[in-house]
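These are the residues of each chain, in order.
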Amino acid sequence: MQSRGSTRDGTGVHDSIVNQLLTKIDGVESLNNVLLIGMTNRKDLLDEALLRPGRLEVHVEINLPDENGRLQILQIHTSKMKENSFLAADVSLQELAARTKNYSGAELEGVVKSAVSFALNRQISMDDLTKPLDEDSIKVTMDDFLHALHEIVPAFGASTDDLERCRLNGIVDCGKRHMHIHERAMLLVEQVKVSQGSPLVTCLLEGPSGSGKTATAATIGIESDFPFVKIISAETMIGLSEGSKCAQIVKVFEDAYKSQLSIIILDDIERLLEYVAVGPRFSNSISQTLLVLLKRLPPKGKNMLVIGTTSEVGFLESLGICDAFSVTYHVPRLNRDDAKKVLQGLSVFTEDDLDSAVEELNDISIKKLYMLVEMAAQGSEGKSAEAIRSGKEKIDLNHFYDILQDISTDRDRLLSL
Ligand SMILES: Nc1ncnc2c1ncn2[C@@H]1O[C@H](COP(=O)(O)OP(=O)(O)OP(=O)(O)O)[C@@H](O)[C@H]1O
């Protein structure tokens, strides 16, 4: 028989602690006249027996501080410096509080410490480390704080670097159809910002592989300015069991519920679901997790946008996942006009060559077009990439055709017959 309050994960690590706590709170050996305060940042992992009425029954959630709270925390951590005139006159705590959206109290303390270390660093002479510091001239300036903000980033904040990695080639004008999707998605962002009645908005970007779905979703995340933007992709879950994957996905949603405005990007949903066309096989538990999360409303006062991307829309349709999204946009491959726009933007062809190059480029994905240009830019000798990137030379059309021939697969050729 399992002991009281044990976790069912087989590790048994918490069993004795939970049992002791339960005995002390209301068992035979219970303590009287004691106010018990427990603290955790993962309430979901606690044994339910501990949280029942009569035990740890009053639950208070301490959220990330708002602007006013951040100002007070900054004032507390800088008061000693101010008293001892170590704080330069240009430091505006009000402005720092405004710029530290999503920072926790501990992270704000870290910012202050980091700013102090920048100020101290200025005074230390690298030639003679034993030289005593001139304490009167140590001043922590606003610049020190701004540098510190780059060093200490909020744990729950937007992972902009991850998002930037999703659009390595940047964003160029891909024509009206891509522009339209971007505009519509930004309208959804606005809707989430001001909405009172619909706290959860979901949007699916579907289209062929390489058509720019992930890059579009990442761009929306970056441009939205929402404090919490996270991308869930199969990349970070290689080799994990279905259970661990579900737990990771749920954790990202739980974290997002702590922020007033959040965006979650579910990248390549079919990869998350471990789909293979031959078989077919997929993870039902991940599918059920996604279905529940896509319909679960965030807590009161919290608004969320979920953007999914997929190149297997038929498969998602059959699982009912498409229906769980409120809107679906089709991200197309580029037609000749779109490809011309992209090549003009990249300016890698002479005006005369541009039209001839575009003639061969119907129905190509933006990702493939980038690869094609990059390969052609190497030149037949393999040395001209730098000159083409800096605009001194242009791509040789014949070499471009050769590369195009190389990268079009047999399947492409059959389709074009
Ligand atoms: N306007 C644009 N829209 C989308 N992507 C663009 C645009 N301009 C340039 N790009 C570039 O095109 C590439 C698109 O690749 P991306 O990975 O987003 O495609 P995908 O549809 O998600 O592919 P997959 O289905 O294989 O995941 C990115 O490198 C991005 O920087």
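Residues numbered from 1 in each chain as written. Predicted model: local features only at pLDDT ≥ 70, side-chain atom pairs only at ≥ 80, totals over all residues.

Give me the lowdown on the sheet that holds strand β2 (residues 228-232), citing residues and values where you can.
Strands sit in the order β2-β3-β4-β1-β5 across an open sheet of five strands; the sheet is parallel. Unpaired on one side and paired on the other, β2 and β5 (327-330) mark the two borders of the sheet. With direction set aside, neighbouring strand axes in the sheet form an average angle of 15°. With six bridges connecting them, strand β3 (residues 261-266) and strand β4 (residues 303-310) associate as parallel partners. (Pairing = 2+ DSSP bridges. Helix = DSSP H or I, 4+ residues; strand = E, 2+ residues; numbered from the N terminus. Axes fitted to C-alpha atoms, helices over the stretch in contact; angles between N-to-C directions.)

Before we move on, can you summarise the environment of L204 with the specific residues and values?
Topologically, L204 is positioned in strand β1 (residues 200-206). Put simply, L204 and E312 are 108 residues apart on the chain and 12 Å apart in space, counted from C-alpha to C-alpha.

Summarise the environment of K341; cite the residues concerned and give the values.
Examined against the element boundaries, K341 turns out to sit in helix α15 (residues 336-346). Overall, the presence of 19 C-beta atoms within 10 Å leaves K341 in the partly exposed class. Each C-alpha atom, one on K341 and one on R167, is 18 Å from the other, the two residues being 174 residues apart in sequence. Setting aside chain neighbours within four positions, we find K341 in contact with D173, C174 and G175. (Buried ≥ 20, exposed ≤ 12 C-beta atoms within 10 Å, placed from the backbone. Contact = placed C-beta atoms within 7 Å.)

Let's hear about the site of the ligand: which residues, and what values?
Taken together, 22 residues lie near the ligand, and N169, G212, K213, T214 and A215 sit nearest. At the level of secondary structure, the elements contributing two or more residues to the shell around the ligand comprise α9 (213-224) and α17 (366-377). If you tally residues by element for the shell around the ligand, the top one is α9, at four residues. Its residues assigned to classes, the shell around the ligand comprises seven nonpolar, eleven polar and four charged. Split by domain, the shell around the ligand shows at least three residues from each of two domains, domain 3 (160-330) and domain 4 (336-416). (Near = placed C-beta within 6 Å. Nonpolar A, V, L, I, M, F, W, Y, C, P; charged D, E, K, R; others polar. Domains from an automatic or database assignment.)

Now, about the UniProt feature "domain: AAA+ ATPase" (unreviewed entry) in the protein chain: what can you tell me, with residues and values included?
The positions that UniProt labels "domain: AAA+ ATPase" (unreviewed entry) are, in the present scheme, residues 199-337. The straight-line gap between the two end C-alpha atoms of residues 199-337 is 39 Å; of that span, 40% is helix and 22% is strand. (UniProt positions renumbered as here; feature names shortened; annotations may be inferred.)

Tell me about the packing of helix α3 (residues 67-83) against helix α5 (residues 105-123), and name the residues and values.
Packing of α3 against α5 leaves a shortest axis separation of 10 Å and a crossing angle of 45°. Put simply, α3 runs oblique to α5. Along this stretch, α3 crosses α5, giving a crossing that reads as right-handed. Between α3 and α5, the residues in contact are R70, I73, L74, H77 and T78 and G105, L108, E109 and V112, respectively. Each residue belonging to the contact of α3 with α5 can be placed in one class, and the counts come to four nonpolar, three polar and two charged. (Parallel < 35°, antiparallel > 145°, perpendicular 65-115°, else oblique. Left-handed = near helix turned anticlockwise from the far one by under 90°.)

Lay out α3 in plain terms, naming residues and giving numbers.
Between its terminal C-alpha atoms α3 stretches 23 Å, which fits the 24 Å expected from 17 residues at 1.5 Å a residue. Along α3, the largest kink reaches about 45° and is centred on H77. Structurally, α3 contributes buried residues whose contacts are with α4 (93-99) and α5. (Expected span 1.5 Å × (residues − 1). Bend = angle between axes of the 7 residues up to and from the residue.)

Could you give an account of the nonpolar core, with specific residues and numbers?
Core analysis: the largest hydrophobic core is formed by 42 residues, its most contacted members being I264, I265, L305 and I307. No other element matches the five residues that helix α8 (residues 176-194) contributes to this core. Grouped together as the second largest cluster of nonpolar side chains are 20 residues, A339, A357, I366 and A376 included. (Core = buried A, V, L, I, M, F, W, Y, C linked by C-beta atoms within 7 Å.)

Describe the pairing of β3, with residues and values.
Within β3, five of the six residues are buried, leaving the element largely enclosed by the surrounding structure. Of the pairings in the sheet, the one linking β2 to β3 comprises five bridges and is parallel in character. Bridged to V229 within β3 is I263. Chirality of the crossover, the property in question, places the unit of β2, helix α10 (residues 242-256) and β3 among those that are right-handed. (Right-handed = clockwise from strand over helix to strand, strands pointing away.)

Summarise the packing of α5 against helix α6 (residues 142-151); cite the residues concerned and give the values.
With their axes 8 Å apart at the nearest point, α5 and α6 run at an angle of 125° to one another. With respect to α6, the element α5 is oriented oblique. α6 is crossed by α5, and the crossing has right-handed handedness. Residues V111, S114, A115, F118 and A119 of α5 form the contact with α6, whose own contacting residues are D144, F145, H147, A148, L149 and E151. Partitioned by chemical class, the residues of the contact of α5 with α6 number seven nonpolar, two polar and two charged.

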